[in-house]
Structures are given as C-alpha cells and as structure tokens.
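# Tertiary structure, described
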Amino acid sequence: MASVSSLKSSNNLVPLFSSSWIKDVDCFKKSVLKYDTNSTLILYSSSTEFLLSDISGIKIKVKEPTFLECKSIIKQTESMTIDTIVAIGGGKVLDVAKFCFFTNLRDVVFSDSIGSLSELKQTIESKKTAQLIACPSLPGAGSESSKVAVISDIDSKYPFVFDSFFSDEILYIAPLYGQLKNRQIVIGLFDVLSHLMEGVLSPIAPFIMKQYAKMGFQMVMDIFKRHMQGESFNFQDIMVMSSLAGYTQSFTSVGLLHGISHVLESHGYGDHAFLNACYFEPVMKYNSEKSPKVQGLVSALDQTVDEFLGNIRCITERFKIEKPVVNGPDDISLLIAKDMCTRTNVRLVRQPDIKNILEIR
Ligand SMILES: [Fe+2]
C-alpha cells in the first residue's frame with residue numbers, strides 16, 4: 001500500500017471563515033430568528049429538519065432538484081412576499097432555492113401553458129428579489145459559493161449560471177457536520193478535489209482562478225494526509241475548501257471525471273461524489289499520459305505522478321471505495337464521450353479510452 005508521508009503541509013485555515021461558524025443548534029436558531037419570519041422562507045432537506053423545531057415562519061422540505069419540485073414550491077409560495085431565503089442542506093436544496101427565487105421563474109412558469117424545462121430554458125433570466133443565506137451540510141461542489149444551479153427534468157439535467165446565484169451569506173452549522181461519518185467526509189472531499197483538479201486543468205479558466213484552484217487542491221491533499229496520519233477532520237478546513245471549490249468552479253469548467261459521474265449516476269451506479277471518488281485515480285492517470293498540466297499540478301506537491309496516484313489509491317482502499325461493475329448499456333461510453341463536461345476535458349477523450357477506464361469488456 002502506498003504512503004502519504006511525502007505530502008506537503010499547509011497552514012491551518014480556521015480563522016478564514018470563523019465569523020460564520022455556527023457552533024450549536026441554539027446558535028443557529030438565533031442566527032435565523034434575526035430575519036423577519038413573515039418574509040423569510042426556509043428550504044431544507046430531511047436530514048436537516050432537526051434544526052428547525054421552535055423556529056416559526058414558512059418552511060418547505062425539498063426532495064429533489066427537479067423542475068417538478070420547483071414548480072410545486074413556486075405554487076406554494078405564489079401569494080407570499082419573500083425577502084430572505086435560508087437554504088439548509090447540500091447542493092440539492094441550494095439548486096432549488098437559486099432556480100426558484102433568483103431567476104424570473106415565478107414570472108414565466110404560470111404564464112401560458114407550462115412547458116418542459118427544455119422549452120422554457122430560453123426564457124429563464126437572472127432576477128434577484130431576495131437575499132440568499134446558504135447553510136451547506138456536506139463538503140462537495142460548494143454550491144453555497146457558486147453561481148451554478150443544476151435542475152433535472154424528465155429528459156435531461158440543465159445547468160444554469162447566473163451572478164444572482166451567489167449567496168449573500170454562508171452559515172457553516174457545526175451540528176450538521178458532527179453527524180457525518182469519516183467515509184462520507186472522504187467521499188465528499190473527493191468531489192471537492194475533483195472540482196479543484198478539473199478547475200486547474202480547465203481550458204477556459206482565467207489564470208487567477210486556476211491559481212485559487214491549485215491552492216485548494218494542495219490544501220485538500222494536506223487534509224487527506226493529516227487524516228491518514230491519524231488526525232481527526234477539522235470541519236472548518238473542509239467546508240472552506242468546499243466553498244473554494246464552488247467559487248473557482250463558477251469561472252472554470254469540469255472534465256472527463258464529471259462526465260463519467262454525471263452519466264453513471266443517471267444510470268444508477270452510485271451518487272455523484274462516490275463516483276468521483278471511484279474514478280479520480282484512473283482519470284488522473286489517463287490525463288497525465290498526455291497532459292503536462294497534470295504533471296505540473298502533481299509536481300507542486302513534490303511528488304511524481306506515480307507517487308500521487310499511489311497516495312490516492314491508499315485513501316480509497318482505506319475507506320473501501322471501489323469502482324462499480326459497469327455492465328452497460330453498450331452506448332454508456334458514447335454518452336460519456338458526448339457529455340458536455342467531457343468536452344472540456346484537458347485531454348481529448350476517445351471512446352475506447354472511456355471503456356478502459358470503466359473496465360467495460
Ligand atoms: Fe461534482
């Protein structure tokens with residue numbers, strides 16, 4: 001098994017966001033109660049419900065980030081005047097909050113006949129009439145600090161990117177993170193690492209965003225290293241890295257790794273972060289064969305590509321993160337090759353190479 005001892009250490013990140021760190025449930029309730037409960041809408045997921053007892057006001061549970069769900073929420077809030085949205089939960093809740101209340105969706109969705117999202121897509125515009133308070137529950141794509149929302153409809157997933165989607169405030173709620181198991185955190189961190197890695201390698205990224213992403217990439221590897229050496233996770237470090245990933249992602253693109261996870265998750269092979277964790281190593285290996293950018297990213301850690309890949313394998317083996325057996329359909333590698341994420345990969349992707357990565361025989 002490979003060692004992670006050669007990774008570089010970085011400074012602790014705690015002071016950076018300490019003013020937004022909510023240390024207990026009462027502290028969270030006090031933070032939310034400072035808003036006018038008559039005009040504040042709280043959107044939440046089932047796993048965050050325990051935070052809401054004793055808080056009055058308008059509360060709606062979000063299940064999935066679908067167009068159907070968005071229409072239902074808009075219908076429920078049609079007659080309300082809302083000036084603050086508190087979104088508690090991971091990317092799903094934030095995607096719905098952004099799409100419902102930071103676009104003109106409320107204006108267009110009930111005019112004429114309600115079409116599919118593909119029909120309405122061209123009429124969706126940025127519109128900000130409330131403030132967004134984001135309370136992320138997991139490390140991952142950092143939706144709380146990104147201007148991206150992804151909404152599903154029956155035919156596809158639709159990404160929307162608007163400046164109005166940036167949060168006005170982020171509350172990191174400690175009791176949410178205390179519930180997480182180490183394996184969940186590691187898998188979430190792989191999604192963070194995937195966004196930072198693909199951000200650095202993005203062909204469309206501005207220089208400064210690549211530098212931020214590179215800094216985050218090194219820091220996440222340092223978090224992994226310290227955990228593998230026996231340290232407990234520091235949630236403040238982790239959530240700051242997640243938010244950095246979301247911010248850089250707003251100005252960069254993803255690549256083959258997200259192409260694989262998007263297609264496989266829609267075919268029931270596992271959730272997004274898990275699939276990114278499974279395929280991180282083979283995709284890095286594949287890209288490193290042709291891209292000096294990958295070698296440059298890894299050498300910033302004072303490692304060779306082989307040492308780096310060994311370190312990643314060490315982490316996935318420790319936490320029993322194993323690639324699913326992909327049986328098809330036969331055209332799954334073609335779907336990945338055509339996926340819009342794959343199209344901005346740092347290395348031009350060929351379909352037979354995808355079959356090799358997925359180990360389709
Ligand atoms: Fe992701």
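Worth saying up front: this structure is predicted, and the values here are computed from it rather than measured.

The subject of this paragraph is the overall build of the protein chain. Across its full length, the protein chain holds 15 helices and nine strands. Projected onto the principal axes, the alpha-carbon positions of the protein chain cover approximately 60 × 45 × 35 Å. By the burial criterion, 44% of the 361 residues in the protein chain qualify as buried. Across the protein chain, the fraction of contacts at a sequence separation of at least 24, relative to all contacts at a separation of at least 6, is 76%.

Let's shift gears to the environment of Val346. Tracing the sequence through the fold places Val346 in the loop between α14 (332-338) and α15 (351-358). Each C-alpha atom, one on Val346 and one on Ile357, is 16 Å from the other, the two residues being 11 residues apart in sequence.

A word on the domain arrangement of the protein chain. On domain assignment, one finds that the protein chain holds domain 1 (35-175) and domain 2 (182-358). The C-alpha-based centres of domain 1 and domain 2 are spaced at 27 Å. With 15 residues of domain 1 at the interface, the matching set in domain 2 holds 20 residues. Taken together, the residues of the side of domain 1 that touches domain 2 break down into eight nonpolar, five polar and two charged.

What follows concerns the sheet that holds strand β8 (residues 169-170). On the basis of which strands lie adjacent, the open sheet formed by five strands has the order β3-β2-β4-β5-β8 and parallel pairing. Each having just a single partner strand, β3 (58-61) and β8 make up the two edges of the open sheet. Inspection of the sheet shows strand β5 (residues 131-135) paired to β8 by two bridges, in the parallel sense. Each residue of the ladder has a partner; that of Ala134, found in β8, is Ile170.

For the rest of this paragraph, the subject is the packing of helix α8 (residues 207-228) against helix α9 (residues 235-249). Contact pair α8 / α9: the axes reach a minimum separation of 10 Å and the direction vectors enclose 155 degrees. Put simply, α8 runs roughly antiparallel to α9. Considering the relative orientation of α8 and α9, their crossing is left-handed. Of the residues in α9, those in contact with Met209, Tyr212, Ala213, Gly216, Met219, Val220 and Ile223 of α8 are Asp237, Ile238, Met241, Leu244, Ala245 and Thr248. Taken together, the residues that form the contact of α8 with α9 break down as 10 nonpolar, two polar and one charged.

The predicted model of the protein chain averages 90 in pLDDT, with 93% of residues at 70 or higher. For the stretch residues 1-15, pLDDT sits under 50, and the model shows 35 contacts to residues farther than four places along the chain or on other chains.

What counts as what
- Residues numbered from 1 in each chain as written.
- Predicted model: local features only at pLDDT ≥ 70, side-chain atom pairs only at ≥ 80, totals over all residues.
- Helix = DSSP H or I, 4+ residues; strand = E, 2+ residues; numbered from the N terminus.
- Buried ≥ 20, exposed ≤ 12 C-beta atoms within 10 Å, placed from the backbone.
- Contact = placed C-beta atoms within 7 Å.
- Domains from an automatic or database assignment.
- Nonpolar A, V, L, I, M, F, W, Y, C, P; charged D, E, K, R; others polar.
- Pairing = 2+ DSSP bridges.
- Axes fitted to C-alpha atoms, helices over the stretch in contact; angles between N-to-C directions.
- Parallel < 35°, antiparallel > 145°, perpendicular 65-115°, else oblique.
- Left-handed = near helix turned anticlockwise from the far one by under 90°.
- pLDDT = per-residue confidence, 0-100.

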